[in-house]
Structure formats: structure tokens, C-alpha cells
Amino acid sequence: MNLTQLEARQEANVYLLNALTSRLQILEATMVYDQDDRTKNNSENNNKSRKKKIKKERKKNAGGGGGGKKKKDEKSIYFSPPPLSSASIPKDFKGIHVDIDKDLMGIDSDVQKRLRRLCNDIPVPSAKFKRAPSDYYDWDLEQRRDCLQAPHINYLCKTMIMRNTKTNATDCSDRTNSKYYMIVIQYTAKMNKEKLQKIVRFLRPEKERMSKKSVNMRVASPEDGVMLSGFGHNAVTPLGMAVKVPMIVSHRVLELPYIWLGGGEVDVKLRMSISDLCRVFNPIIGDLG
């Protein structure tokens, strides 16, 4: 091989070496880029994973994992009664006092005598009866408030008997599945039917809970009201009911020291402290709207 051929081959080898070096640099650069890209993706995935984990943990702390919403709902629709105090029944209590002329307009009916005996026997120390004029229900709430000398119209409450038209219950012996419920709510509040039905459904543990189709609350007929209460139409009072009906009370009354309710006759009202109401009737206290 002459000198010219050797020089040509050497130039070819140098060219090939330069080409391989260039290719190797490109490959190395690509590998670094890919590595950076994978690192970036892993970092983003880790961030997403951490955010998801934090969100899950917050949800768990708020209500208990996958079932958190239901448990949170359960907590939000029920309220605890005020703590019982020994002062709620005075040691020297000898019976409630009623001024027949001043409080009952001189009319002391058999119904009032029976209810007073109940208040003394149970006892209900905070009970006070007041007979209102016959046109009481034609007045607005402010006039009724003034008649009863209540601080605010929020103190005026009504008692309604509701019937579950879809239940298989035939009586009121089981308050977690009763045919009827007695509702106590302020005149200034509007009862939310969906909330009431939820309160009734959630009385049972989740595995024993009634379906939505099994709860449909409707105002009981006047005949049912008379049969259950033993009082005339529009005269329902929780005291002395003919049938013991589970009571559901609006949580808003917990903000008050006492409320005014029906008193066994259309024109008679009964004042009772919230502590006595809860002690005597052990009501379900919930958000009714």
C-alpha cells in the first residue's frame, strides 16, 4: 500500500471517529433529557399523590373515610339536649301555682285540672297555663307575643302530629320506626319535609336504616290527632297524651330558656322550660329547617 492510500485510509478513519463521537454525544444528550423528563414526571406524580393523600386524610378527619359524608350528615342533623341540672326541680317544689281568675279568665275546666295534676306529679315545675281570648288565632304573632308576655315571637311554638304513610309500623312503640311523630317547632320557622324524613331515617344504624321510599311524612288527619292526643282539634299539647308519641323538637328552641305550646284547649297555652321539655319527654332534637 503506497503513501497516498495510507493517507486516504487515515482520513477515512478520522472522519468515522468524528461521526461516532458526534453520535455518542447526541445519545448522551438524549439520555439526559429523558432522565430529566422522567424526573419531572415522577415529581409531578408524587405531588399529585401527596395532594390526593392529604385530601383523603382531611376527608377522613372530617367524617370518617369513605363513609365520611354520611357520618358527617348524621352529626349535623341531631343535637344534644341541655345538661340536666338538679336545680330544674326545686327541692321545695309543692306544685305549680295558677291564678284561676288572672291566668284562666275564671274558667277552670276539667282538662286544666287534669293537666295541673300531671304537672305536679311528673313534675313540671316550670309549667304555666294562660287562657287567651277566643280570637287569639286571628291575631298576628306580635299580638300573641304580647298577650303571653313573651320576649320574642320565637318563643311561640306549635305542636303537630305527623304520620309516616309508608312505614310498616302499626303503632308508636318504636321511636326509630313509629307510625306517628309529634313535632314541636316555632311559628317563625318553616318545617323542611326532607330534613324531617332524614331525621326519622337516620334514627337507626346504617345497616338497619329504612330506605327513602319507606319514609313519607304527612300531617295526620284531625281524627288521628284527636285519637292520639285525647284533646280536641287544635288543642294538642305534649302533656297527658292518650298515646305516647315520639317527639321531635327543632334544634332552634335550644337557644331559648322556655317556649309556649298548646295547653289542652284551643284557647289555653302552656309555658314550659326547655330543660323540663327535654327531661320529661326525652325528645329527638334535630334540624327541621
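Residues numbered from 1 in each chain as written. Predicted model: local features only at pLDDT ≥ 70, side-chain atom pairs only at ≥ 80, totals over all residues. Heavy atoms only, no water.

**Overview of the overall build of the protein**
- A tally of helices and strands in the protein yields eight helices and eight strands.
- A separation of at least 24 residues holds for 68% of the contacts in the protein among residues at least 6 apart in sequence.
- Accessible surface computed for the protein: about 18100 Å², of which carbon and sulfur atoms make up 51%. (Helix = DSSP H or I, 4+ residues; strand = E, 2+ residues; numbered from the N terminus. Contact = heavy atoms within 4.5 Å. Areas by Shrake-Rupley, 256 points an atom, 1.4 Å probe, with all protein chains shown as cover.)

**Overview of the layout of surface pockets**
- In this structure, the largest pocket spans a volume of roughly 500 Å³.
- For the lining of the largest pocket, the secondary-structure elements that each account for two or more residues are β2 (157–164), α7 (222–229), β6 (258–262) and β7 (268–273).
- At five residues, the largest contribution of residues to the lining of the largest pocket is made by β2.
- Along the lines of polarity and charge, the residues of the lining of the largest pocket split into 19 nonpolar, nine polar and three charged.
- Its volume calculated, the second largest pocket comes out at about 300 Å³.
- For the lining of the second largest pocket, the residue count by class is nine nonpolar, three polar and two charged. (1 Å grid on protein atoms, 1.4 Å probe; cavity = no way out; pocket = protein on both sides within 12 Å on 5 of 7 lines; lining within 4 Å. Points joined across faces, edges and corners; volume = space filled by probe spheres on them. Nonpolar A, V, L, I, M, F, W, Y, C, P; charged D, E, K, R; others polar.)

**Some points on the pairing of strand β5 (residues 247–250)**
- By the alternation rule, side chains of β5 split into Met 247 and Val 249 and Ile 248 and Ser 250, which are all buried.
- Strand direction decides the pairing type here: strand β3 (residues 180–186) and β5, joined by three bridges, are parallel. From the neighbouring strand, Ile 183 faces β5, where its bridge partner is Ile 248.
- Bridge analysis of β5 against strand β8 (residues 284–286) gives three bridges, and the strand direction is parallel. Note on β8: the bridge partner recorded for Ile 248 is Ile 284. (Buried < 20%, exposed > 50% of the residue type's maximum accessible area, 1.4 Å probe, protein only. Pairing = 2+ DSSP bridges.)

**Digging into the nonpolar core**
- Formed by 47 residues in total, the largest nonpolar core has its most connected members in Phe 129, Leu 239 and Ile 259.
- At the level of secondary structure, the elements contributing two or more residues to this core comprise α4 (110–121), α5 (141–148), β2, β3, β5, β6, β7 and α8 (274–281).
- In terms of residues, this core owes the most to one element, β6, which gives four residues.
- Setting aside its immediate chain neighbours within four residues, Phe 129 contacts Ile 96, Asp 103, Leu 104, Gln 112, Leu 115, Arg 116, Cys 119, Leu 239, Gly 263, Val 268, Lys 269 and Leu 270.
- Core analysis: the next-biggest nonpolar cluster, separate from the first, contains 17 residues, Ile 77, Ile 183, Met 217 and Leu 288 among them. (Core = buried A, V, L, I, M, F, W, Y, C linked by side-chain atoms within 4.5 Å.)

**What about the sheet that holds β5?**
- Strand order in the open sheet formed by five strands is β4-β2-β3-β5-β8, with mixed pairing between adjacent strands. Both outer strands of the open sheet, β4 (217–219) and β8, are each paired with one neighbouring strand and no more. Averaged over all neighbouring strand pairs, the angle between strand axes comes to 35°, with direction disregarded.
- Pairing between β2 and β3: seven bridges, direction antiparallel. Bridge pairing in β3 links Ile 161 to Met 182.
- Running over the sheet, helix α6 (residues 193–201) touches β2, β3, β4, β5 and β8 and is turned about 120° from β4. (Axes fitted to C-alpha atoms, helices over the stretch in contact; angles between N-to-C directions.)

**Examining unusual backbone geometry**
- Residues Ile 122 and Pro 123 are joined by a peptide bond in cis, for which omega reads -5°.
- Topologically, Pro 123 is positioned in the loop between α4 and β1 (128–131).
- Positive phi, close to 55°, is recorded for Met 105, a residue that is not glycine.
- By the secondary structure assignment, Met 105 is in the loop between α3 (100–104) and α4.
- The class of Met 105 is partly exposed, set by a relative accessible area of 44%.
- Not every positive phi belongs to a glycine, and Gln 149 is a case in point at roughly 55°.
- Within the secondary structure layout, Gln 149 lies in the loop between α5 and β2.
- Relative accessible area serves as the criterion here: at 69%, Gln 149 is assigned to the exposed category.

**Side note on α4**
- Its twelve residues give α4 an end-to-end C-alpha distance of 17 Å, which sits within 8% of 16 Å, the value for a rise of 1.5 Å per residue.
- Within α4, burial applies to Gln 112, Leu 115, Arg 116 and Cys 119. Taken end-on, α4 shows its buried residues confined to a sector of 105°, consistent with a single buried face. Exposed residues on α4 whose side chains face more than 90 degrees from its buried face are Asp 110 and Asp 121.
- Buried residues in α4 make contact with α3, β1 and β7. (Expected span 1.5 Å × (residues − 1). Arc of directions from axis to C-beta.)

**Considerations on the side chain of Gln 197**
- Mapping Gln 197 onto the fold places it in helix α6.
- Beyond its immediate sequence surroundings of up to four residues, Gln 197 is in contact with Val 215, Asn 216 and Met 217.

Any functional reading would require information that these geometric values do not contain.
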